[in-house]
Amino acid sequence: MTAGKTFILGYTDENFGVFQDLPVIIFDDFTTASRFIDFPFKVKSSAMKMLKAKSKEVNLRLVYELMQLIDFTVADHKRHWISEYQNLEIAIPDSQEQQAIAQVLSDMDSEITALEQRRDKTKALKQGMMQALLTGRIRLH
């Protein structure tokens, strides 16, 4: 796993070193990129930090979403967690409100995923239609 754009680097059948204390936020110490993870994964980077809530009253999914709103500028290649990022504060509502907010955001993520899949299928259909039209298999009159 990586917290950055690649996200999943690959798959393994290994059982040793698999992170199972879920859910967790993975945080890249150099880029400050983060991801919410709710499935077992293998850590392959010393720059990756696994973040857990100190209290069961804190919804980790909501913390992740709030982290995405932090405007943190990465100026140079250094480890940011210990020196700066961990000291940032974010306001957390009561646990019932946290749960409601996290559910709405999760539902929205599901909807976005469904729309992206639909978009990808439509793009593939367009590509196929272009091929059929350009090769003359289908003629328009």
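Coordinates for the structure precede this section.
Thresholds, definitions, all that
- Residues numbered from 1 in each chain as written.
- Predicted model: local features only at pLDDT ≥ 70, side-chain atom pairs only at ≥ 80, totals over all residues.
- Heavy atoms only, no water.
- Pairing = 2+ DSSP bridges.
- Helix = DSSP H or I, 4+ residues; strand = E, 2+ residues; numbered from the N terminus.
- Axes fitted to C-alpha atoms, helices over the stretch in contact; angles between N-to-C directions.
- Salt bridge = Lys/Arg side-chain N within 4 Å of Asp/Glu carboxyl O.

Enquirer: Is there a simple way to think about the sheet that holds strand E2 (residues 24–28) in this case?
Expert: One open sheet accounts for three strands, arranged E3-E2-E5; its pairing is antiparallel. Among the strands making up the open sheet, the edge pair consists of strand E3 (34–37) and strand E5 (48–51). Averaged over all neighbouring strand pairs, the angle between strand axes comes to 25°, with direction disregarded. Here E2 runs beside E3; their pairing, made up of four bridges, is antiparallel. Each bridged residue has a counterpart across the sheet, and for Ile25 the counterpart in E3 is Phe36.

Enquirer: Any chance you could explain the pattern of salt bridges here in plain terms?
Expert: When the charged atoms of two side chains with opposite charge come close together, those side chains can pair. This model, assessed by the stated rule, comprises six salt bridges. Linking Asp21 and Lys52 is a salt bridge whose minimum nitrogen-to-oxygen distance equals 3.6 Å. Taken together, the residues Asp21 in the loop between strand E1 (18–19) and E2 and Lys52 in the loop between E5 and helix H1 (60–67) connect sequence positions 31 residues apart. Each member of the salt-bridge network shares a partner with another, and the members are Arg61, Glu65 and Asp109.

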